[in-house]
Amino acid sequence: MDAINVLALHGYHGSARILRQQIQPLDAALPSSINLTYVDAPSLPRGDFGWWHEGFSGWERTRDWVIDLAGQQHFHGVIGFSQGAALAGLLTAVQERASDTARGDGLGFRFAVMIGGFTSDAPQHADLFTRPLTTPSLHVTGSKDSIVPMRDSLRLAGRFADPVLVQHGGGHVIPDEPEVVGRIVDFAARHAAALHTAVLAESAPDGGRGDA
């Protein structure tokens, strides 16, 4: 495996270009083995500004678009900011419920990072959150965030069985403080290393079992 590919999801009124600027300090600190793939929401070419609108209108279109994209480009992880973080949480739930919903079994996310995210209480998503999500997750929240208050990010984290929580003292931003960036990098690098090890074991002649 040459690289770990991580899908990077921008916020509302954002774009791939804007997220690339916002996340540059983190991207620069990631190991060379981790590649962030920035994408525009499918609605942007039509003049819309997000992955969905009020009431999660357009969510299904976005879900199906990402699933199709993952079928063309294999992703090992996902990172999102704001609405993109909420989308990362929903997609992770879709992936884990694939056997129940026949959707999302090709997403392939082994870990998820959500910055300034929130969760859905919409009835259409109730079946996605019937039990805690087991995908390793890291959640970043700002104590001064007035757009997505900390309580909302913590509710998203609460959807996961064993979330890692990182708090910073700023607002609704992707923080560039070395300590926060370092924790995100450590989390991603640890899971990337585990994925490399798993792939090597699976590709070994004996399946990684040795001669026992």
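Scroll up to find the structure.
Residues numbered from 1 in each chain as written. Predicted model: local features only at pLDDT ≥ 70, side-chain atom pairs only at ≥ 80, totals over all residues. Heavy atoms only, no water.

Undergrad: Residue-level account of the overall build of the chain, with values.
TA: From N to C terminus, the chain includes seven helices and six strands. Ordered by position from N to C terminus, the α and β elements of the chain give β-α-α-β-α-β-α-α-β-β-α-β-α. The buried share of the chain, taken over its 212 residues, is 49%. Taking contacts inside the chain between residues at least 6 apart in sequence as the whole, the part at least 24 apart equals 80%. Total accessible area on the chain stands at roughly 10100 Å², and carbon and sulfur atoms take up 51% of it. (Helix = DSSP H or I, 4+ residues; strand = E, 2+ residues; numbered from the N terminus. Buried < 20%, exposed > 50% of the residue type's maximum accessible area, 1.4 Å probe, protein only. Contact = heavy atoms within 4.5 Å. Areas by Shrake-Rupley, 256 points an atom, 1.4 Å probe, with all protein chains shown as cover.)

Undergrad: Break down helix H6 (residues 150–157) for me, citing the residues and quoting the values.
TA: Along H6, the positions that sit buried rather than exposed are Ser153, Leu156 and Ala157. Here the buried residues of H6 occupy an arc of 105° about the axis, which is enough to place them on one side. Those residues of H6 hidden inside the fold are in contact with helix H4 (83–96), strand E4 (111–115), strand E5 (137–142) and strand E6 (164–168). (Arc of directions from axis to C-beta.)

Undergrad: Explain helix H3 (residues 59–72) to me, and be specific about the residues and the numbers.
TA: Counted at 1.5 Å a residue, the expected span for H3 with its 14 residues is 20 Å, and the 20 Å between its end C-alpha atoms agrees. Looking at the packing, one finds that the buried side of H3 touches strand E1 (4–9), strand E2 (34–39) and H4. (Expected span 1.5 Å × (residues − 1).)

Scope: geometric values only; no functional claims are made or implied.
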